[in-house]
Amino acid sequence: MGEETNVTRRVLLQASAAGACALALGSVVVSTAEAHAEETGSKVASDGVRYGFLVGLARCSGCGRCVEACRKENNLSDDTPDRRKVASFKRKRGKKFFVSTACMHCAEPSCMKVCPAGAISQDANGIVRVNPEVCIGCKYCFQACPYEVPQYNAVSMDKCDCCLGSGVALGDEPYCVSACKFGALKFGPLEELRESTNGSAVPIAEANNPSCLLLGTER
């Protein structure tokens, strides 16, 4: 995997300062000034249980199986960019580690707020989805997203929907998670994921309160 410098600055805002990730992150320094949206609360727009991802930095090998499974099982067209990406980073001593990310399914999704067509919605469990039949391709969502998640094909904007559109039931593993042979990716209720790490996992960033946690060291 090639270096993803842009992602370096955007996805490790919170983790770079957290003690739980100190060993894995080394001397990577990321400024919170890179966040494009102000901090928000921790609740989603309903009383549903909030779901999200847990990414284990110490376990990710950068193999890209998660990316391949996402493309194949969601039947992405050739002109559709990858929904999930694996970025590589270097510690101070030169050793690489990897981070697998997709849509952050933010508690306060700025993409949804700016969509003039109402093509983007958030369900009771915080999963943010796009309706390709309603999307007009204006790209306002891309401009509003602090993580540059929205991508486009010939039809509409496209992004991760936790494989709900491919028939995976909420609570079951998305294809990226089931494809990971090293247990670097987990999916489920966000608080349960946090508790499974004894509280060591930290939010991957600050902007828009994303539904993704990072765990820097083995527990």
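For the structure itself, consult the block above.
Because the structure is predicted, anything quoted here is derived from the model rather than measured. (Residues numbered from 1 in each chain as written. Predicted model: local features only at pLDDT ≥ 70, side-chain atom pairs only at ≥ 80, totals over all residues. Heavy atoms only, no water.)

Caption draft 1: Seen up close, the overall build of the chain. Scanning the chain for helices and strands turns up seven helices and 10 strands. Each of the 219 residues in the chain was classed as buried or not, and the buried ones make up 50%. Taking the intrachain contacts of the chain between residues at least 6 apart in sequence as the baseline, contacts between residues at least 24 apart amount to 64%. Summing over all exposed atoms, the chain offers an accessible surface of approximately 10,700 Å²; the carbon and sulfur share of this is 47%. (Helix = DSSP H or I, 4+ residues; strand = E, 2+ residues; numbered from the N terminus. Buried < 20%, exposed > 50% of the residue type's maximum accessible area, 1.4 Å probe, protein only. Contact = heavy atoms within 4.5 Å. Areas by Shrake-Rupley, 256 points an atom, 1.4 Å probe, with all protein chains shown as cover.)

Caption draft 2: Region of the structure containing the nonpolar core. Core analysis: the biggest nonpolar cluster contains 36 residues, and Phe-53, Val-99, Tyr-147, Phe-187 and Leu-214 have the highest contact counts within it. At the level of elements, β1 (51-56), α3 (65-73), β2 (85-90), β3 (96-101), α6 (175-179), β8 (185-189) and β10 (212-215) are the ones that each hand at least two residues to this core. Ignoring sequence-local partners within four residues, the contact set of Phe-187 consists of Tyr-51, Gly-52, Phe-53, Ile-127, Cys-162, Leu-170, Gly-171, Asp-172, Pro-174, Val-177 and Leu-193. Counting residues in each nonpolar core, the second largest holds 10 residues, with Cys-111, Cys-115, Ala-119 and Cys-141 among its members. (Core = buried A, V, L, I, M, F, W, Y, C linked by side-chain atoms within 4.5 Å.)

Caption draft 3: Region of interest: unusual backbone geometry. Despite not being glycine, Glu-148 shows a phi value in the positive range, around 55°. Inspection of the secondary structure assignment puts Glu-148 in the loop between α5 (140-144) and β6 (151-152). For Asn-198, which is not a glycine, the phi torsion comes out positive at approximately 55°. Inspection of the secondary structure assignment puts Asn-198 in the loop between α7 (190-196) and β9 (202-203). For Asn-198, a relative accessible area of 63% puts it in the exposed group.

Caption draft 4: Quick look at the packing of aromatic side chains. Per the counting criterion, the structure on display carries three aromatic pairs. Aromatic pair Tyr-51 and Phe-187: ring centres 5.7 Å apart, planes at 35°, arrangement tilted. Of this pair, Tyr-51 sits in strand β1 while Phe-187 sits in strand β8; the two residues are 136 residues apart in sequence, bridging distant segments of the chain. Tyr-51 gets classed as buried once you look at its relative accessible area, which sits at 14%. (Phe/Tyr/Trp six-rings, centres within 6.5 Å; stacked < 30°, edge-to-face > 60°.)

Caption draft 5: Structural context of the environment of Val-55. Relative to the helices and strands, Val-55 is located in strand β1. Measuring from C-alpha to C-alpha, the distance between Val-55 and Leu-185 comes to 5.0 Å, with 130 residues separating the pair along the chain. Residues in contact with Val-55, not counting those within four places in the same chain, are Val-99, Ser-100, Ala-184, Leu-185, Cys-212, Leu-213, Leu-214 and Leu-215.

Caption draft 6: Broad picture of α3. Looking at α3, one finds that the buried residues are Cys-66, Val-67, Ala-69 and Cys-70. Angularly, the buried residues of α3 cover 165° about the axis, an arc narrow enough to put them on a single face. Pointing more than 90 degrees away from the buried face of α3 are the exposed residues Glu-68 and Lys-72. Against β2, β3, α6 and β8 lie the buried residues of α3. At the C-terminal side of α3, Asn-75 shows a positive phi close to 55°. (Arc of directions from axis to C-beta.)

What is shown is where atoms sit, not what they do.
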